[in-house]
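Chains, contacts and geometry: an overview
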Amino acid sequence: MPEYLPTAPYRGTRDFLPPEMSVRTQVFGQLYDVLERYGFLRYDGPILESAEIYEAKSGQEIADQQLYTLTDRGGRRLALRPEMTPSVARMVAGNAGSLQFPVRWYSHPNCHRYERPQRGRVREHWQINADIFGSDSANCEIEMFELVHDLLGAFGAGEDLFVVRANDRNLLASALTDLVGVTAEQLPQVFGLVDRWEKQDRDKLAGAAEEIGLSEKQFAKLSDTLGAGTALLDELPEQVKAESNLVKVLGSSAAGLVRYDPLIVRGLAYYTSTVFEVFDTSPENNRALFGGGRYSDLAGLFTAQQIPGIGFGMGDVTLIDFLQTHDLLPSPRSEVDVVVIPVTEELADAARTVATRLRTAGLRTSTPLEQRKLGKELGRADKAGAQAVVIVGQEDWDAGNVTIRSLQSREQRTVQVGDVATEVNGLLRP
Ligand code: HAM
């Protein structure tokens, strides 16, 4: 027996066959439409980047554990992008001179992370990124939250199906230092602990807190602080709150779009203030649907110019799980609208002429590539999801006619070749 190579894709990556791709194309098309209605412009960039741009700012988890790296023949250390934000910061920094800030940009890259594949987590995912560069205004936060609601709303997801939980790292830092007594050195590690708070059990968290150097009393206080919800705001210093865009949002008419939650901190190192995550309210999908935040100095890796940014990345896996859970996924499109069937091999040219007319009129049309009996071809057209067929028979053709038939109503009539597109359209959309 010959040894064949596996047909399955590499672990954690996915093939998308046409029916699934059709659903995905419709889903992403909806997202692009919403983004463009806000004035976001699409950009793209290379999948390979210098590994340094992630090692500098993305944080340890990505840099040490998840990066796919390679060395090119010239000895340069490269990485498959695990996310888009460092790339877009590079592009914005490199073109800052010709941009009219603020800019709204979006992209839809595939990103690679070496992770253990599990529900909601794969090694290659597609991520819609939407970012605003060049403004510190709280209006950016408001626009981001509105956008999130509109993106999910485009699929018919009501406000009861998801929640936007937001925090400001400066508010959290203040709570941790002023109320829990965390030191400046402990802060990054305690942020990491907060990020794991809902994913790990209490004993494990307590153990980790002890390792960081927090006392039992501090751990209990940390627990109370994180669980306080909106009430925590009352305990924070006015000066810290006055500088927080999130607090501004919470005091505005957009407050209803978002819930303040001390537990949100996010894993990436470059966020400097606002951070947010969107969650499905259904317990089946307990992972964040997507997330983002504000980063004041990521462009600082590439330029002396101060260009703040804010944005989010919305992953395809969690989004599609969400839409599936709530029965909001579109159906795959059929292969074609119409099949033009020549009754004999000699009529293949005639069928192609008719097909051209239909395609010119915007109908998705195919002709069989191999000659089969009419009955067989009708069955195949039905299976391909065609709504109508055009039958090209010798006698009809000699008289300048063809026969059109609806595969749903079985209604059939003979029409002039010159009218075929109008007639088929009439049959499909009576
Ligand atoms: P992130 O939280 O690492 O943020 O990823 C954003 C989203 O991408 C996640 O919420 C999830 O939907 C999806 N995602 C990430 N990793 C995986 C994976 N291994 N498998 C499946 N889906 C995944 C960022 O990447 C930031 N760069 C987002 C951002 C843009 N912040 C500001 N602008």
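Below is a short write-up of the structure. The structure presented is a predicted model; accordingly, all values stated were derived computationally and were not measured.

**Looking at the sheet that holds strand β3 (residues 68-71)**
Strand order in the open sheet formed by three strands is β2-β4-β3, and the pairing between neighbours is antiparallel. The open sheet is flanked by β2 (48-50) and β3, the only strands paired with a single partner. Ignoring strand direction, the axes of neighbouring strands in this sheet form an average angle of 40 degrees. Taken together, the three bridges between β2 and strand β4 (residues 77-80) define a ladder with antiparallel strand orientation. Across the sheet, the residue bridging to Leu48 is Leu80, located in β4.

**Some words on the site of the ligand**
Close contacts around the ligand come from 26 residues, with Glu83, Thr85, Glu115, Asp131 and Tyr271 the closest. One of the side-chain N or O atoms of Gln127 is found 2.9 Å from an oxygen atom in the ligand. Here Leu289 contributes a backbone N or O atom positioned 3.0 Å from an oxygen atom of the ligand. When the ligand sits alone it has 650 Å² of accessible area, and the protein chains cover 96% of it. At the level of secondary structure, the elements contributing two or more residues to the shell around the ligand comprise β7 (124-133), β11 (288-295), β12 (309-315) and α13 (316-325). Top contributing element to the shell around the ligand by residue count: β11, with five residues. Grouping the constituent residues of the shell around the ligand by class yields nine nonpolar, 11 polar and six charged.

**Section: the environment of Gln118**
Topologically, Gln118 is positioned in the loop between β6 (110-112) and β7. When the C-alpha positions of Gln118 and Pro342 are compared, they lie 50 Å apart, and in sequence the two are 224 residues distant.

**Examining the side chain of Glu83**
Take Glu83: it is sitting in the loop between β4 and α4 (85-94). For the buried residue Glu83, which engages in no salt bridge, the nearest side chain bearing the opposite charge is Arg113, 5.1 Å off. Among the polar contacts listed, one links the side chain of Glu83 to the side chain of Thr85, at a separation of 3.4 Å. Ignoring anything within four residues of it in the chain, the contact list for Glu83 reads Tyr54, Ser58, Ile62, Cys111, Arg113, Leu268 and Tyr270.

**What about helix α8 (residues 202-212)?**
Every buried residue of α8 is listed here: Leu205, Ala208, Ala209 and Ile212. One face of α8 carries all of its buried residues, which in axial projection span an arc of 100 degrees. In α8, the exposed residues that point more than 90 degrees away from the buried face are Asp203, Glu210 and Glu211. Along its buried surface, α8 packs onto α7 (187-196) and α9 (216-227). Downstream of α8 by one or two residues, Gly213 has phi in the positive range, about 110 degrees.

The rules behind these values
- Residues numbered from 1 in each chain as written.
- Predicted model: local features only at pLDDT ≥ 70, side-chain atom pairs only at ≥ 80, totals over all residues.
- Heavy atoms only, no water.
- Pairing = 2+ DSSP bridges.
- Helix = DSSP H or I, 4+ residues; strand = E, 2+ residues; numbered from the N terminus.
- Axes fitted to C-alpha atoms, helices over the stretch in contact; angles between N-to-C directions.
- Near = heavy atom within 4 Å.
- Polar contact = N/O pair within 3.5 Å; in protein donor to acceptor, adjacent residues only side chain to side chain.
- Areas by Shrake-Rupley, 256 points an atom, 1.4 Å probe, with all protein chains shown as cover.
- Nonpolar A, V, L, I, M, F, W, Y, C, P; charged D, E, K, R; others polar.
- Buried < 20%, exposed > 50% of the residue type's maximum accessible area, 1.4 Å probe, protein only.
- Lys, Arg positive; Asp, Glu negative; His and termini not counted.
- Salt bridge = Lys/Arg side-chain N within 4 Å of Asp/Glu carboxyl O.
- Contact = heavy atoms within 4.5 Å.
- Arc of directions from axis to C-beta.

Purely geometric numbers; function is a separate question.
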